[in-house]
Amino acid sequence: MTKTEIIQQTFEYIKQKFTNEFSGHDWNHIYRVWKLAIYLAKNEKVDNFIIEMAALLHDLDDYKLSNENSNNVKKWLDNFNIDDETKNNIIFITDNISYKGAEVENKITSLEGKIVQDADRLDAIGAIGIARAFAYGGNKNREMYNPDIKPIMHKSFYDYKNSKSTTINHFYEKLLLIKDKINTEKARKIAEIRTNIIKDFLQNFLSEWNVDIK
Ligand code: ADP
Ligand code: NI
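Keep in mind it's a predicted model, so treat the numbers as computed, not measured.

Peer 1: Would you take a moment to explain the coordination of the nickel ion (ligand 2) for this structure?
Peer 2: Summarising the metal site, the nickel ion (ligand 2) is bound by the protein donors H29 (NE2), H58 (NE2) and D120 (OD), whose distances to it range over 2.1 to 2.2 Å. Every donor residue of the nickel ion (ligand 2) comes from the same chain, spaced as H-x28-H-x61-D. With H29 in helix α2 (residues 27–41) and D120 in helix α6 (residues 111–122), the pair connects residues that are 91 residues apart, well separated along the chain. Across the pair, D120 and H29 agree in class, each one buried.

Put into structure tokens, the structure is as follows:
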């Protein structure tokens, strides 16, 4: 099977698997990350097969969706004749792509990984990012906002993943910090635009919340 055929099969598999997922990890999120990653990879010296496969598979083993260490990515890749190094590179990216807390170290080092991680993070900010945060918060029965609960800068992944704070706090605990954690220059420009969209939104949200009409 050619690499193009493997990508096509992976695309169809993920599309059917994530079509009815509504916690902010729906198929359209994965589709956008795949397209963004291809855009960011243009004119870069990278292995495009690794980028496209990691982008398509990046949420398959996500701790928020499946049991940890479920190895779905490895199981899927084992269906094909892919060399071990490439396979391990893809698995390393999908295992380490996720945001683990404001002050938790990022393990991604390959340019392929940095690009896919940037693409995933760009889809968490801007107008789409706002919509996804509230979709996720609603799905988890989180309060939209509560002025008595303050944001926390998580120092460990354990604290971050067990946090039950409000969706507005998620903007301060993660979304506004993304811009400074972006790996590549091309993505940083997009991140700046999308971060401004979030800042405007927060300002308007808080003034409407306080019925602050001038
Ligand atoms: P990551 O890999 O960084 O965890 P994902 O691509 O898995 O990000 O996307 C998770 C989506 O759900 C993002 O849009 C993120 O902002 C949103 N999300 C995650 N945790 C929360 C939360 N506690 N409150 C609101 N939205 C959240
Ligand atoms: Ni994602």
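Peer 1: What exactly am I supposed to notice about the packing of α2 against helix α3 (residues 48–57) here?
Peer 2: Two quantities define a packed helix pair, namely the angle between the helix axes and the distance between the axes. Closest axis-to-axis distance for the α2/α3 pair is 8 Å, and the angle between their directions is 160°. Accordingly, the angle class assigned to the pair α2 and α3 is roughly antiparallel. Regarding α2 and α3, the two cross each other, and that crossing is right-handed. In this structure, α2 contributes W27, I30, V33, W34, A37, I38 and A41 to the contact, and α3 contributes N48, I51, E52, A55 and L56.

Peer 1: Explain the pattern of salt bridges to me, please; I cannot follow it from the model alone.
Peer 2: Any two side chains of opposite charge can pair, on the condition that their charged atoms come close. Under the defined criterion, the tally for this structure stands at six salt bridges. For D78, the salt bridge identified is with K74, shortest N-O distance 2.7 Å. Residues D123 and R132 are paired through a salt bridge, measuring 3.6 Å at the closest nitrogen-oxygen approach. On the basis of relative accessible area, D123 is assigned to the buried category, the value being 2%. Looking at R132, the relative accessible area reads 15%, which means it is buried. Taken together, the salt bridges that share partners define one network made up of R32, D123 and R132.

Peer 1: I'm lost on helix α7 (residues 126–139) in this one. Help?
Peer 2: For an α-helix the count is 3.6 residues per turn, leaving residues at separations of three or four pointing the same way. Across its 14 residues, α7 extends 20 Å between first and last C-alpha, which sits within 8% of the 20 Å expected from 1.5 Å per residue. Of the positions making up α7, those classed as buried are G126, G129, I130, R132, A133 and G137. Relative to the axis of α7, the buried residues are bounded by an arc of 165° and lie together on one face. Along its buried surface, α7 packs onto α2, α9 (167–173) and α10 (185–209). After α7 finishes, the residue N141 shows a positive phi value of roughly 55°.

Peer 1: What am I meant to see in the packing of aromatic side chains here?
Peer 2: Two measures describe an aromatic ring pair: the distance that separates the ring centres and the angle between the ring planes. Under the criterion given, the structure shown has 15 aromatic pairs. Between the aromatic rings of F11 and W27, the centroid separation amounts to 4.9 Å while the plane-to-plane angle is 85°, which identifies the pairing as edge-to-face. Highlighted residues: F11 in helix α1 (residues 3–18) and W27 in helix α2, separated in sequence by 16 residues. Among the residues examined, F11 registers a relative accessible area of 16% and is labelled buried. Among the aromatic residues, ring-to-ring pairing joins F134, Y145, F171, F201, F205 and W209 into one connected group. Taking NZ or CZ as reference, K186 lies 4.7 Å from the ring centre of Y39, over its face.

Peer 1: Could you clarify how one ought to interpret the environment of N183 in this entry?
Peer 2: If you trace the backbone, N183 turns up in the loop between α9 and α10. Along the chain, N183 and S70 lie 113 residues apart, while their C-alpha atoms are 28 Å from each other. In contact with N183, not counting residues within four places along its chain, are N106, K114, Q117, D118 and R188. A polar contact of 3.2 Å, which involves the side chain of N183, links it to the backbone oxygen of K114. Within polar-contact distance, the side chain of N183 engages the side chain of Q117 at 3.1 Å.

The rules behind each value
- Residues numbered from 1 in each chain as written.
- Chains lettered and ligands numbered in written order.
- Predicted model: local features only at pLDDT ≥ 70, side-chain atom pairs only at ≥ 80, totals over all residues.
- Heavy atoms only, no water.
- Donors = N, O, S within 2.8 Å, 3.2 Å for Na, K, Ca; no water.
- Helix = DSSP H or I, 4+ residues; strand = E, 2+ residues; numbered from the N terminus.
- Buried < 20%, exposed > 50% of the residue type's maximum accessible area, 1.4 Å probe, protein only.
- Axes fitted to C-alpha atoms, helices over the stretch in contact; angles between N-to-C directions.
- Parallel < 35°, antiparallel > 145°, perpendicular 65-115°, else oblique.
- Left-handed = near helix turned anticlockwise from the far one by under 90°.
- Contact = heavy atoms within 4.5 Å.
- Salt bridge = Lys/Arg side-chain N within 4 Å of Asp/Glu carboxyl O.
- Expected span 1.5 Å × (residues − 1).
- Arc of directions from axis to C-beta.
- Phe/Tyr/Trp six-rings, centres within 6.5 Å; stacked < 30°, edge-to-face > 60°.
- Lys NZ or Arg CZ within 6 Å of the ring centre and 35° of its normal.
- Polar contact = N/O pair within 3.5 Å; in protein donor to acceptor, adjacent residues only side chain to side chain.

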